[in-house]
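Breakdown of the fold
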Amino acid sequence: MQLIQENPDLSAYLAADEVIDHDHPQVRRTAARLAGEVADSYAYARAAYEFVRDTIPHSADSGDPRVTWRASDVLERRTGICYAKAHALAALLRAEDIPTALCYQRLVSEGGGHAVHGLVAVRFHGAWHRQDPRGNKPGVDARFSLDGERLAWVPDPSAGEEDHPLLYAAPHPAVLAALRGAPDRARLWRSLPDAL
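Note that the structure is predicted; figures quoted are calculated from it, not measured.

Attention now moves to the pairing of strand S4 (residues 127–131). Taking burial as the measure, the five residues of S4 include four buried ones, the bulk of the element. Pairing of strand S3 (residues 114–124) with S4, which is carried by five bridges, proceeds in the antiparallel orientation. Bridging from a neighbouring strand, Phe124 pairs with Ala127 of S4. Connecting S3 to the next strand, S4, in antiparallel fashion are two residues, including His125 with a positive phi near 55°.

This part is about the packing of aromatic side chains. Summed over the entire model, instances satisfying the criterion amount to five aromatic pairs. Summarising the aromatic geometry, the rings of Tyr13 and Trp128 are spaced 5.3 Å apart at their centres and angled 65° between planes, so their arrangement reads as edge-to-face. Highlighted residues: Tyr13 in the loop between strand S1 (4–5) and helix H1 (25–35) and Trp128 in strand S4, separated in sequence by 115 residues. Here Trp128 falls in the buried class, since its relative accessible area comes to 12%. Here a set of aromatic residues connected by ring pairs shows up, and it is made of Tyr83, Tyr104 and Tyr168. Taking the ring centre of Trp69 as reference, the NZ or CZ of Arg180 above it sits at 4.6 Å. Over the ring of Trp189 we find Arg185, and its NZ or CZ is 5.7 Å from the ring centre.

Moving on to the environment of Ala195. Inspection of the secondary structure assignment puts Ala195 in the segment after helix H7 (185–191). In sequence terms Ala195 and His164 are 31 residues apart; their C-alpha atoms lie 9.7 Å from each other. Apart from the residues lying within four places of it in its own chain, the contact partners of Ala195 are Arg106 and Val116.

Take the state of the cysteines next. Counting across every chain of the model gives zero disulfides. Here Cys82 is not cross-linked by a disulfide; its sulfur's nearest cysteine counterpart is in Cys103, at 11 Å.

About the cut-offs
- Residues numbered from 1 in each chain as written.
- Predicted model: local features only at pLDDT ≥ 70, side-chain atom pairs only at ≥ 80, totals over all residues.
- Heavy atoms only, no water.
- Buried < 20%, exposed > 50% of the residue type's maximum accessible area, 1.4 Å probe, protein only.
- Helix = DSSP H or I, 4+ residues; strand = E, 2+ residues; numbered from the N terminus.
- Pairing = 2+ DSSP bridges.
- Phe/Tyr/Trp six-rings, centres within 6.5 Å; stacked < 30°, edge-to-face > 60°.
- Lys NZ or Arg CZ within 6 Å of the ring centre and 35° of its normal.
- Contact = heavy atoms within 4.5 Å.
- Disulfide = S-S within 2.5 Å.

Here's what the structure looks like:
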């Protein structure tokens, strides 16, 4: 699949906004700590990915009812669903001048039907590389990779699943509306977008 930038201006994938708030002190502190432990931007990208994947539990796995959507809140509260974790990773990467996009898959949901799943793409070697910081669990073994994708799930077209090729500089409006409108994760689960 060929990934397509929604915005042709690469600087859009470095910008801070209300959601990917990489100018926030919480994000800056975390980025500085991670950057101080590695030698270059490639190692930093891997460290940031592993930090979000491994130290911020996916709220469905941990049973945490809180809904987070702003990157700084995800880092501070240490919880979030796939979208929120993607926002946090995007902020950490952009804080160190690594162009990062938000991207999505449509997958069969655990309760039946479909749900949109969120991940990121990083730009290295003149190309975009998708990464899934959702968090591993039995049956899920996502890894940082610039040499072939190691995502949590591979869509099954026969089940109506698909990869969305667009790379967004900001969260998709349907995703953000669901996150902002849900008072807790149980209600968020009922309002997740099933398509983009």
